[in-house]
Amino acid sequence: STRKESSAASDVYKRQVKAEMDYKRSEFNVLWKSASTSAQQSLTDSQAQWVNYRDETCVDEARNAESVRQEIVRMECITRMLGERYYEVKSYFDSY
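Residues numbered from 1 in each chain as written. Predicted model: local features only at pLDDT ≥ 70, side-chain atom pairs only at ≥ 80, totals over all residues. Heavy atoms only, no water.

Undergrad: Before we go on, may I ask you to explain the state of the cysteines in this structure?
TA: Here a disulfide denotes one covalent bond, and it connects the sulfur atoms of two cysteines. All chains considered together, the criterion is met by one disulfide. Residue C58 pairs covalently with C77 via a disulfide, S to S 2.1 Å. Torsion about the S-S bond of the C58 and C77 cystine: about -75 degrees, corresponding to left-handed handedness. Of the two residues, C58 is situated in helix α2 (residues 37–63) and C77 in helix α3 (residues 70–95); the sequence distance between them amounts to 19 residues. For C58, a relative accessible area of 1% corresponds to the buried category. Taking the relative accessible area as the measure of exposure, C77 reaches 0% and is therefore buried. (Disulfide = S-S within 2.5 Å. Helix = DSSP H or I, 4+ residues; strand = E, 2+ residues; numbered from the N terminus. Buried < 20%, exposed > 50% of the residue type's maximum accessible area, 1.4 Å probe, protein only.)

Listed below in structure tokens is the structure:
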């Protein structure tokens, strides 16, 4: 029973982590769509490079975690990095 409870608690936590990640993604997408087309185009290449960097970084972080926590660690990393990137991009768009 304890293992089931632990697994259920883990599933709840995983859903919370995913919800936070999804929220950060939607927040970033709203920011991106709020910018002018020319501002978006000027950042498209660097954003694509950043996404690759983020994915590599987060996969590496996950790989170093226990196997049962790898997906959670990856999502937490994406959430953290998206939060940081949001303010970098917002600052860029604000001064564009």
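And the narrative resumes.
Undergrad: Please clarify how the pattern of salt bridges should be interpreted in this entry.
TA: If charged atoms from side chains of opposite charge come close, those side chains can pair. All told, the structure shown has nine salt bridges when counted by the stated rule. Between D60 and R63 there is a salt bridge; the shortest N-O distance is 2.9 Å. Of this pair, D60 and R63 both sit in helix α2, three residues apart, which is roughly one turn of that helix. With a relative accessible area of 41%, D60 lands in the partly exposed category. Where R80 meets E61, a salt bridge forms, and the shortest distance between an N and an O atom there is 2.7 Å. (Salt bridge = Lys/Arg side-chain N within 4 Å of Asp/Glu carboxyl O.)

Undergrad: How do you make sense of the nonpolar core when you look at a structure like this?
TA: Nonpolar side chains in soluble globular proteins tend to be buried together. The biggest cluster of nonpolar side chains holds 19 residues, and the ones touching the most others in it are F28, W32, V89 and F93. Every element with two or more residues in this core is listed here: α1 (2–34), α2 and α3. The biggest single contributor to this core is α3, with nine residues. Contacts of F93, omitting those with residues within four sequence positions, involve L31, W32, A35, A39, Q40 and L43. (Core = buried A, V, L, I, M, F, W, Y, C linked by side-chain atoms within 4.5 Å. Contact = heavy atoms within 4.5 Å.)

Undergrad: Would you explain α2 in this entry?
TA: Quick reminder: α-helices carry 3.6 residues per turn. Residues three or four places apart thus point the same way. With 27 residues, α2 should reach 39 Å at 1.5 Å per residue; the first-to-last C-alpha distance of 37 Å fits that figure. T44 marks the point of greatest bend in α2, at about 50 degrees. Considered for burial, the residues of α2 that qualify are A39, Q40, L43, Q47, W50, R54, T57, C58 and A62. (Expected span 1.5 Å × (residues − 1). Bend = angle between axes of the 7 residues up to and from the residue.)

Undergrad: In this structure, what is going on with the packing of aromatic side chains? I would like to understand it.
TA: Two descriptors summarise a pair of aromatic rings, namely the distance from one centre to the other and the angle between the planes of the rings. Taken as a whole and assessed by the stated rule, the structure comprises five aromatic pairs. A centroid spacing of 5.2 Å and a plane angle of 80 degrees characterise the contact between Y86 and Y87, whose relative ring orientation is edge-to-face. Judged by its relative accessible area of 17%, Y86 falls in the buried class. Considering the side-chain rings of Y92 and Y96, the 5.8 Å spacing of their centres and the 50 degrees angle between planes classify their relative orientation as tilted. With a relative accessible area of 29%, Y92 lands in the partly exposed category. Every member of this aromatic cluster is reached through a ring pair, and the members are F28, W32, Y92, F93 and Y96. (Phe/Tyr/Trp six-rings, centres within 6.5 Å; stacked < 30°, edge-to-face > 60°.)

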